[in-house]
Each structure stands twice: as C-alpha cells, then as structure tokens.
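Close look at the chain arrangement
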Amino acid sequence: MKRDLTTTLLGGATLVTLLIAVGLGLSAPLDINQGSLVRLMFVHVPSAWLSYLAYGGTGLFGLLYLIRRQRRWDRLAMASAEIGLLFTVVTIVGGMLWAKPTWGTYWVWDARLTTTALSIVVYGGYLLIRSLIDDPDRRARVSAVVGIVGTLYVPVNYMAVEWWRGVHQTQTLKLLDGIRWDAAPVYLPTLFISLGAFTLLYALLLRVRGVMAAREEAREERELMNELGAAQPRAEVARG
Amino acid sequence: MSDPSSFPPPPTPLGQARRRRRSPWPTVLGVAALVGLTGFIAFGNLNRSLEYFVTPTEYQQQQAQLQGRAIRIGGLVRDVQYDPQSLNLRFTVSDGGASFPVQYQGAVSDLFKENQGVVVRGEFQGETFHASDLVVKHSEEYNVPKTQAELKDLLNTTE
C-alpha cells in the first residue's frame with residue numbers, strides 16, 4: 001500500500017480513542033442491579049450506532065451517486081453497507097451476551113430484535129442484488145435506490161422500543177422530548193468516548209474499504225481492456 | 001465513466017445502442033408502496049401483532065378472546081415464592097390494575113426479584129398461569145450504589 005498519511009492518522013486516532021474507551025469501560029463502576037454487565041453498554045450501544053451510521057451512509061452515498069453519477073459514491077455506498085452488516089452482527093452478538101444473564105435468554109422476537117434481524121435481510125439483499133448485476137452503472141443505479149429505501153430501517157429500528165411493547169429496554173440517552181440521560185452521570189463520558197471511537201472506526205473502515213474497492217475496479221477494468229486487446233487481432237484474422 | 005472513444009473501433013460498426021426510455025412510474029409506485037407499508041406496520045392496526053405481550057388488565061378485558069390460547073403476559077413481579085431446591089417458582093404478575101398468579105418451573109435470571117418487569121409465556125390452567133418461558137425485563141436506568149450498605153449488598157451478590 002502506498003503511504004497514505006490520512007489513513008495512518010485516522011487509524012492512530014481510532015486506536016487511541018478505542019484504547020481510552022476500553023480503559024474507561026473496564027474501570028467503570030458497577031451497576032447496582034447488574035454489576036459489571038452494565039459495561040457491555042459501552043460496546044453494544046456504540047456498535048449499534050456504527051451500524052446506523054453505516055446504513056445512513058449507504059443511503060447518502062447512493063443519493064450522491066444518483067445526483068453526481070460518479071462511480072466512487074457507489075463504491076462508498078457498497079463499503080458502508082458491508083460495514084453496517086458487520087456491525088449489526090457485532091451488535092446482535094454483544095446484545096445476546098448481555099441478554100442471557102439479564103433477561104434469561106439469548107433471543108426474543110420482540111420488535112427491536114426482530115427489526116434488527118430484518119436489517120440483515122435488507123442489506124444482505126442489497127449486497128446480493130449488487131452481485132447479480134454485471135453492468136457497473138446499472139448496478140450502481142439499482143443499488144442506490146435499494147440503499148436509499150433501506151435507510152428507513154434506521155428510524156424504525158430506533159423507534160421500535162417506543163412504538164411497540166417488547167423486552168428490550170428503551171433508550172438510556174433520551175433524545176425525543178428533551179435530551180435526558182437516565183443513568184448515573186459517571187457512565188456518560190465513557191459512553192461518549194466509546195461512541196466517538198466507533199465513529200472514527202467507521203470513517204477508517206470506510207476509507208480503507210473504499211480504497212480497496214477502487215483498486216478492485218481498476219484491476220477489473222485493466223483485465224477487461226487486456227482481453228479486448230487480445231481479442232482484437234484474432235478478429236482481424238478471422239475477417240481477413 | 002469510461003469513454004467509448006478509448007476502445008479500438010469494432011470491425012463491423014454497430015449502430016448506437018438504443019436506450020429505452022422507461023416510465024418512472026413503476027419505481028415511484030414501488031417506493032411509495034414500501035413507504036406506505038412501513039407506515040402501516042408502524043402506526044396501523046398491525047401494531048397489535050407486533051406487541052410482544054399483553055398486560056394483565058388487557059387480558060382481563062379480552063379474556064373471552066384470549067382464553068385457552070398460549071399468550072405472553074407482561075407485568076411486575078409480586079409475592080415471590082421460590083424454592084431453590086425444586087426450582088419451583090410462584091409469583092403474581094401485576095400491572096396495578098389486574099393481577100394473576102403465575103407458576104414456573106426452572107432457574108431464573110439473577111435480576112428476577114420483587115417489582116421487576118417480567119414477561120411470561122404460557123397458558124391459563126384454571127386461575128393460575130402456567131408459564132413455559134420467563135424473560136426478565138430490566139430498566140434502562142443504570143445506577144451506581146449510593147450508600148455503603150448498597151455497595152456491600154452489590155459486592156455480596158455479584159462476588
């Protein structure tokens with residue numbers, strides 16, 4: 001890989017904030033009911049935030065593609081969807097590990113968990129559709145539309161705990177009518193640093209995956225040109 | 001965007017591929033239908049099937065429809081009687097308005113205690129609700145112990 005100062009700096013900043021978040025998270029005081037299990041919040045909430053951010057990114061980059069028609073927006077939309085899927089799985093696994101000792105079960109089909117599982121279907125479908133379309137411009141156009149519609153998942157999943165009765169608890173950091181933090185104040189800075197660390201992680205992963213996708217595309221283009229170049233003389237022979 | 005002029009000219013020039021001008025209506029209608037469906041699920045009558053449980057008061061009101069069916073009831077735990085030897089658990093699930101006795105067999109989460117939110121799945125046999133599954137709900141409010149006594153209690157229970 002070529003020297004790329006931005007990626008290096010972004011990687012360094014991500015690593016440092018993640019280490020600070022881990023340090024603060026592991027030294028956070030115990031919760032009166034759950035003890036050390038409350039520390040899972042500093043992984044579970046930021047990974048869910050990252051998945052929202054990534055799915056929002058897929059919608060936004062898809063929209064930018066439709067407006068500008070530049071292939072790089074499509075690559076970023078694809079990269080963002082992959083990151084979103086990855087961190088949805090992280091959120092689900094972290095949540096299951098938190099649910100077992102508190103709720104008494106790994107999984108319940110309540111509204112929040114069911115819609116989260118649905119996002120795997122939506123964005124798995126998004127990546128599947130991409131793999132089925134060979135023409136890059138058509139692929140970009142179709143997946144941009146799917147990505148934009150898929151963004152509906154974010155508000156529905158966020159509001160699922162408010163709209164429907166379920167097992168999953170509601171937001172601790174309430175944003176809906178007036179911002180309120182419904183927990184001991186000591187947990188708030190740790191959560192914010194962890195949220196910041198995961199936001200940087202998203203930017204880093206998006207950049208690295210975007211560069212990778214650009215190189216893949218350049219290679220495919222090169223191979224196609226080579227094939228065309230190799231096919232050309234033979235066609236001449238056949239004609240002559 | 002690849003520039004077509006950079007390709008070598010084809011041996012037999014084909015005419016410019018004709019682009020079909022498609023009507024945007026199917027796409028627009030499709031997106032509108034998806035948005036409508038989501039809105040319907042979110043706010044419409046389907047709400048009922050997405051609710052994970054009924055409250056004891058709702059059960060009392062809809063007893064005629066719900067009787068004899070496997071359902072989930074959610075409420076607060078009252079009057080816990082637990083035998084750790086036989087894992088036989090009896091308590092009352094209540095939402096302030098109505099309350100029903102519940103019987104459950106098995107280990108429960110450490111968070112299970114008086115006044116904790118709980119969702120039980122099962123069916124009524126006579127007056128008692130026989131639960132086959134028990135899920136403990138917990139609050140989104142996380143707090144640290146405020147007094148020495150609470151701290152000691154916490155350290156004893158979590159070891």
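Per chain, residue numbering runs from 1 following the sequence as it is written. Lettering for chains starts from A, numbering for ligands starts from 1, and both go in the order in which the items are written. Note on the predicted model: pLDDT of at least 70 is required for a residue's local features to be given, and 80 or more for side-chain atom pairs to be given and counted; whole-chain, interface and lining totals, by contrast, use all residues.

As named in an unreviewed UniProt entry, chain B is Cytochrome c-type biogenesis protein CcmE, taken from Deinococcus indicus. UniProt positions are given in the numbering used here, feature names are shortened, and annotations may be inferred rather than shown by experiment. Checking UniProt for chain B, the heading Sequence similarities (unreviewed entry) contains the comment "Belongs to the CcmE/CycJ family." The Function (unreviewed entry) comment attached to chain B in UniProt states, word for word, "Heme chaperone required for the biogenesis of c-type cytochromes. Transiently binds heme delivered by CcmC and transfers the heme to apo-cytochromes in a process facilitated by CcmF and CcmH."

Per an unreviewed UniProt entry, the recorded name for chain A is Heme exporter protein C, and the organism is Deinococcus indicus. Turning to chain A, the UniProt annotation filed under Subcellular location (unreviewed entry) states: "Membrane".

1. Quick notes on the nonpolar core
Within the largest apolar cluster, 73 residues are counted, with the highest numbers of intra-cluster contacts made by Ala 77 and Tyr 202 of chain A together with Val 120 of chain B. Strands are runs of DSSP state E lasting at least 2 residues, helices are runs of H or I lasting at least 4, and numbering of each runs from the N terminus. Tallying contributions element by element places helix H2 (residues 41-68) of chain A first for this core, with twelve residues. Here the contact rule is simple: place C-beta atoms from the backbone, and any two residues whose C-beta atoms are within 7 Å are in contact. When residues no more than four places from it in sequence are discounted, the contact partners of Val 120 of chain B are Arg 72, Ile 73, Val 93, Val 102, Tyr 104, Phe 129, Ala 131, Asp 133 and Leu 134 of chain B. Note on terminology: a nonpolar core is any set of buried Ala, Val, Leu, Ile, Met, Phe, Trp, Tyr and Cys residues joined through C-beta atoms within 7 Å. Residue burial is a threshold on neighbouring C-beta atoms within 10 Å of the residue's own C-beta, all placed from the backbone, with 20 or more meaning buried, 12 or fewer meaning exposed, and counts in between meaning partly exposed.

2. Some points on the UniProt feature "transmembrane region" (unreviewed entry) in chain A
All names here are of chain A. Per the UniProt record, "transmembrane region" (unreviewed entry) is annotated on residues 49-67, 79-99, 111-129, 141-164 and 184-205. Across residues 49-67, helical content stands at 100% and strand content at 0%; the span's end C-alpha atoms are separated by 27 Å. Secondary structure within residues 79-99 divides into 100% helix and 0% strand; the distance between the first and last C-alpha atoms comes to 30 Å.

3. Things to note about the UniProt feature "binding site: heme" (unreviewed entry) in chain B
The sites that carry the UniProt feature "binding site: heme" (unreviewed entry) are, in the present numbering, His 138 and Tyr 142 of chain B. Along the chain, His 138 of chain B turns up in the loop between strand S5 (128-136) and helix H5 (148-158). Under the C-beta neighbour-count criterion, His 138 of chain B is labelled buried, with 21 such atoms within 10 Å. Beyond its immediate stretch of four places on either side in the chain, His 138 of chain B contacts Asn 33, Gln 34, Thr 102 and Gln 169 of chain A together with Leu 111 of chain B. Within the element layout of this structure, Tyr 142 of chain B appears in the loop between S5 and H5. Other than its neighbours up to four places away in sequence, Tyr 142 of chain B contacts Asp 31, Val 38, Met 41, Thr 172, Ala 183, Ala 184 and Tyr 187 of chain A.

4. What about the UniProt feature "domain: Cytochrome c assembly protein" (unreviewed entry) in chain A?
The UniProt record annotates "domain: Cytochrome c assembly protein" (unreviewed entry) at residues 5-168 of chain A. When the span residues 5-168 of chain A is considered, its composition is 80% helix and 0% strand, and the gap between its end C-alpha atoms is 42 Å.

5. Observations concerning the interface of chain A and chain B
Residue-level contacts link 39 residues of chain A with 33 residues of chain B. Taken together, the elements giving at least two residues each to the side of chain A that touches chain B come down to helix H3 (71-102), helix H6 (153-163) and helix H7 (187-239) of chain A. No other element matches H7 of chain A, which puts five residues into the side of chain A that touches chain B.

6. Quick word on helix H5 (residues 136-150) of chain A
Residue and element names in this part refer to chain A. Under the convention used throughout, the expected extent of a helix is 1.5 Å for every residue step, that is, one less than its residue count. Given a rise of 1.5 Å per residue, 15 residues ought to cover 21 Å, and the 20 Å separating the end C-alpha atoms of H5 matches this to within 8%. Every buried residue belonging to H5 is among Ala 140, Ser 143, Ala 144, Val 146, Gly 147 and Gly 150, and all of these are buried. Looking at the buried residues of H5, the elements they touch are H2, H3, helix H4 (111-132) and H6.

7. Some thoughts on the environment of Tyr 202 of chain A
Residue and element names in this part refer to chain A. Take Tyr 202: it is sitting in helix H7. Of the residues examined, Tyr 202 has 22 C-beta atoms within 10 Å and is grouped as buried. Taking the C-alpha atoms as reference points, Tyr 202 and Thr 14, 188 residues apart in sequence, are found 9.2 Å from one another. Sequence-distant contacts of Tyr 202, defined by excluding residues within four places in its chain, comprise Leu 50, Leu 53, Ala 54 and Ile 83.

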